[in-house]
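Here is how the chains run, residue by residue.
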Amino acid sequence: MADLTCDVAVIGAGTAGIAAERSARAQGAKTLLIDPDFAGTVCATVGCMPSKLLIAAAHRAHDARTAGLFGVSTSVSVDGAAVMARVRAERDAFAAATRAGFDDLPNGTCIRARARFTGPGALSLDDGRKVAANAIVIATGSHPMVPPPFRDIGGDRVLTNRTVFEQADLPKSLAVIGAGAIGIELAQAFARLGVRVAVFDQGDTIAGARCDAIHDALKAELAKDMDLFLGADVKPEALAGGIRLVWEEGDDTFDRVLVATGRLPSLDGLDLSASGLHLDDNGLPDVDPETLRCGDSAIFLAGDANANRPVLHEASTEGAVAGRNAAAFPDLTHATRSPRFTITFTDPPLVSIGQGPVDSAQIGTADYTDQGRAKVEARNVGLAQLYAAAPDGRLIGADLFCPGADHLGHLIAWAVDAGMTASDLLSKPFYHPTVEEGLRGALREICRAVPLDLPGDRDTGNPPGI
Ligand SMILES: Cc1cc2nc3c(=O)[nH]c(=O)nc-3n(C[C@H](O)[C@H](O)[C@H](O)COP(=O)(O)OP(=O)(O)OC[C@H]3O[C@@H](n4cnc5c(N)ncnc54)[C@H](O)[C@@H]3O)c2cc1C
Ligand SMILES: NC(=O)c1ccc[n+]([C@@H]2O[C@H](COP(=O)([O-])OP(=O)(O)OC[C@H]3O[C@@H](n4cnc5c(N)ncnc54)[C@H](O)[C@@H]3O)[C@@H](O)[C@H]2O)c1
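Criteria and thresholds
Residues numbered from 1 in each chain as written. Chains lettered and ligands numbered in written order. Predicted model: local features only at pLDDT ≥ 70, side-chain atom pairs only at ≥ 80, totals over all residues. UniProt positions renumbered as here; feature names shortened; annotations may be inferred. Helix = DSSP H or I, 4+ residues; strand = E, 2+ residues; numbered from the N terminus. Expected span 1.5 Å × (residues − 1). Buried ≥ 20, exposed ≤ 12 C-beta atoms within 10 Å, placed from the backbone. Arc of directions from axis to C-beta. Contact = placed C-beta atoms within 7 Å. Domains from an automatic or database assignment. Nonpolar A, V, L, I, M, F, W, Y, C, P; charged D, E, K, R; others polar. Axes fitted to C-alpha atoms, helices over the stretch in contact; angles between N-to-C directions. Left-handed = near helix turned anticlockwise from the far one by under 90°. Pairing = 2+ DSSP bridges. Right-handed = clockwise from strand over helix to strand, strands pointing away. Near = placed C-beta within 6 Å.

- Per an unreviewed UniProt entry, the protein is named Dihydrolipoamide dehydrogenase, and its organism is Maritimibacter alkaliphilus HTCC2654.
- Annotation of the protein in UniProt includes, under Sequence similarities (unreviewed entry), the sentence "Belongs to the class-I pyridine nucleotide-disulfide oxidoreductase family."

Description of helix α10 (residues 405–417)
Part 1: Taking 1.5 Å as the rise per residue, α10 with 13 residues should run 18 Å; its terminal C-alpha atoms sit 17 Å apart, in good agreement.
Part 2: What α10 keeps buried is the set Ala405, Leu408, Gly409, Ile412, Ala413, Ala415 and Val416. In an axial view of α10, the angular spread of the buried residues amounts to 160 degrees, which keeps them on one side of the axis.
Part 3: The inward-facing, buried residues of α10 abut β18 (341–344), β19 (350–354), β21 (383–389), β22 (394–401), α11 (422–426) and α12 (439–449).
Part 4: Looking one or two places after α10, you find Gly419, whose phi comes out positive at around 75 degrees.

Things to note about the domain arrangement of the protein
Put simply, an interface is often sized by how much accessible area is lost when its parts join up.
Part 1: Entries for the protein in the domain assignment read domain 1 (4–144 + 264–328), domain 2 (148–261) and domain 3 (341–449).
Part 2: Across the boundary between the two partners, domain 1 contributes 19 residues, which contact 16 residues of domain 2.
Part 3: If you list the elements that add at least two residues to the side of domain 1 that touches domain 2, you get α3 (48–65) and α4 (80–103).
Part 4: In terms of residues, the side of domain 1 that touches domain 2 owes the most to one element, α3, which gives 8 residues.
Part 5: A class-by-class count of the residues in the side of domain 1 that touches domain 2 yields 13 nonpolar, 4 polar and 2 charged.

Observations concerning the packing of α3 against α4
Part 1: Packing of α3 against α4 brings their axes to within 9 Å, and their N-to-C directions diverge by 145 degrees. Where α3 crosses over α4, the two elements pack in a sense that is right-handed. Where α3 abuts α4, its residues Met49, Pro50, Leu53, Leu54 and Ala57 lie against Val83, Arg86, Val87, Glu90, Arg91 and Phe94.
Part 2: In terms of residue class, the contact of α3 with α4 is built from 8 nonpolar, no polar and 3 charged.

Here's the deal with the UniProt feature "active site" (unreviewed entry) in the protein
Part 1: Under the feature "active site" (unreviewed entry), the UniProt entry names His432.
Part 2: Note on placement: His432 falls in the loop between α11 and α12.
Part 3: On the basis of neighbour count, His432 is assigned to the exposed category, with 11 C-beta atoms found within 10 Å.

Comments concerning the pairing of strand β1 (residues 4–11)
Part 1: As paired elements, β1 and strand β6 (residues 130–138) share 7 bridges and run parallel to each other. Bridge assignment links Leu4 to a residue of β6, and that residue is Val131.
Part 2: The pairing of β1 with strand β2 (residues 31–35) spans 4 bridges and is parallel. Note on β2: the bridge partner recorded for Val8 is Thr31.
Part 3: For the crossover from β1 across helix α1 (residues 15–26) to β2, the handedness is right-handed.

A short note on helix α7 (residues 212–222)
Side chains of residues three or four places apart in an α-helix project in the same direction, reflecting 3.6 residues per turn.
Part 1: Taken together, the buried positions of α7 are Ile214, Ala217, Leu218 and Leu222. In a view along the axis of α7, the buried residues occupy a sector of 125 degrees, so they form one face of it. Residues of α7 that are exposed and point over 90 degrees away from its buried face: Asp212 and Ala220.
Part 2: Residues of α7 that are buried make contact with α6 (181–192), β11 (227–230), β19, β21 and β22.

A look at the site of ligand 1
Part 1: Lining the immediate surroundings of ligand 1 are 36 residues, of which Gly12, Gly14, Gly141, Gly303 and Leu312 lie closest.
Part 2: Elements represented by at least two residues in the shell around ligand 1 include exactly α1, β2, α2 (42–46), α3 and α8 (312–328).

Let's talk about the site of ligand 2
Part 1: Within the structure, ligand 2 sits among 23 residues, and Gly178, Gly180, Ile182, Gly203 and Thr261 are positioned closest to it.
Part 2: Listing elements by their share of the shell around ligand 2, those giving two or more residues are α6, β10 (196–201) and β18.
Part 3: By residue number, the principal contributor to the shell around ligand 2 is α6, which donates 4 residues.

Notes on the sheet that holds strand β8 (residues 158–159)
Part 1: Strand order in the open sheet made by the 5 strands is β8-β15-β9-β10-β11, with parallel pairing throughout. Strands at the two margins of the open sheet, each flanked by one partner only, are β8 and β11.
Part 2: The sheet contact formed by β10 and β11 spans 4 bridges and is parallel. Bridge pairing in β11 places Asp201 opposite Leu230.
Part 3: Sitting on the sheet, α6 is in contact with β9 (173–177), β10 and β15 (256–259), with an inclination near 165 degrees to β10.

Written as structure tokens, this is what we have:
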């Protein structure tokens with residue numbers, strides 16, 4: 001006999017879980033939202049927001065340090081304790097706002113407990129209560145994967161995203177293990193705040209960059225602020241108050257190590273084997289990305305927990321789709337997924353949209369080292385590559401590493417999503433002088449190669465100035 005019954009039980013009150021509960025309730029379902037902490041989301045507490053707060057401080061330091069270029073003199077000093085205090089204060093406000101949202105849920109919706117499966121529609125809570133649900137949404141997120149040699153060291157010398165923002169002050173030196181999104185965003189931020197930083201990755205590619213020209217530009221830009229060791233097999237040794245790293249070509253000692261070697265779906269402890277789901281060799285169920293349904297069950301898997309698109313807007317979308325379908329089960333709606341879209345918040349940002357160079361018939365390149373607005377701002381680095389399909393020049397994706405790429409990336413993602421051709425986008429107004437107009441060269445290149453008519457009433461020149 002269950003202690004709690006509902007139409008839809010959502011496990012995990014993060015971004016995907018909150019969206020799932022809201023969407024299921026909007027369909028008229030009686031819902032339960034189960035979480036041991038209700039601490040706020042990973043995004044607000046130890047993810048997107050504190051990392052962007054640290055990056056914002058680094059931008060200020062960098063702008064102040066480079067102000068001399070514009071004839072503006074400043075003397076820059078970084079108060080590490082104040083930097084970290086602001087990160088935590090603003091982060092706490094974001095997390096508090098998220099937590100306040102739980103108070104608005106109907107009485108009895110929030111269940112503070114850790115859940116595990118005891119059957120296909122049955123959960124056991126760690127407070128001893130039993131839950132029976134018509135459908136269940138798993139939205140338990142992901143956690144940092146820490147390789148054994150670093151895990152074994154322990155203490156406060158080995159940091160992850162869960163602990164790095166709790167540091168009272170900036171370290172003097174920091175080794176970052178893993179040159180993925182987390183690693184390079186934080187590495188560049190700490191370096192620009194005056195920390196000596198070295199980044200080590202066992203692979204040869206930084207942040208999954210998909211094309212050589214972008215990777216080269218990214219690597220060159222990062223190397224201005226830090227030492228980069230790619231293809232490095234690095235071993236740690238604990239020292240009193242620090243940590244020594246040894247790799248093939250050398251060794252060095254650091255105050256702290258930040259491990260950012262990837263994230264794993266948080267499915268351990270859910271006893272998925274009792275759920276009736278068919279699990280693959282990695283213990284993962286098969287998930288339909290359009291319905292978020294696992295196999296032919298009444299169980300849905302959304303957000304980082306399915307490891308498909310582990311970024312925030314996708315967690316939110318997947319939660320909404322899973323919640324709606326769980327409430328309507330077995331009457332499922334298939335969602336149209338938007339193009340894949342990631343932004344890594346380096347300076348300049350690294351952006352990847354939709355399909356990459358290997359899938360594209362035509363590539364158009366925009367060089368930002370000689371682009372008007374970029375030069376005005378002394379941010380003239382990097383490039384953008386736009387990808388189009390044959391035979392019509394329809395835009396299918398892009399890679400960018402250039403000033404304003406986080407905003408340009410949205411324009412391109414929307415154009416890809418809308419099925420626009422290079423000619424369609426080129427016919428839109430481009431203000432001068434902006435980084436947006438830098439894209440016109442790449443669009444024209446695609447139009448000429450397809451070939452597509454260039455919009456007749458637009459100027460075909462693309463000077464950096466004027
Ligand atoms: C440092 C960092 C920076 C990032 N920056 C960005 C960024 O700039 N932009 C971006 O788009 N994405 C970013 N991300 C990724 C983004 O944060 C995640 O994709 C998103 O937070 C995933 O949301 P979620 O709902 O899947 O998981 P979460 O928000 O982690 O929620 C999972 C919830 O499940 C609960 N839970 C776990 N197990 C159980 C259980 N057995 N029973 C009950 N509850 C359970 C947890 O307590 C937690 O509340 C970043 C991530 C990190 C780590
Ligand atoms: N701006 C953003 O949207 C943003 C920012 C941060 C994180 N995220 C999300 O979080 C996810 C996880 O980020 P992440 O950076 O931890 O993972 P990641 O998978 O992106 O990168 C991990 C890196 O660590 C390397 N690595 C793995 N094991 C190693 C080892 N033993 N020694 C050295 N290097 C090793 C890998 O080669 C890889 O380059 C991302 O995929 C992204 O979805 C997004």
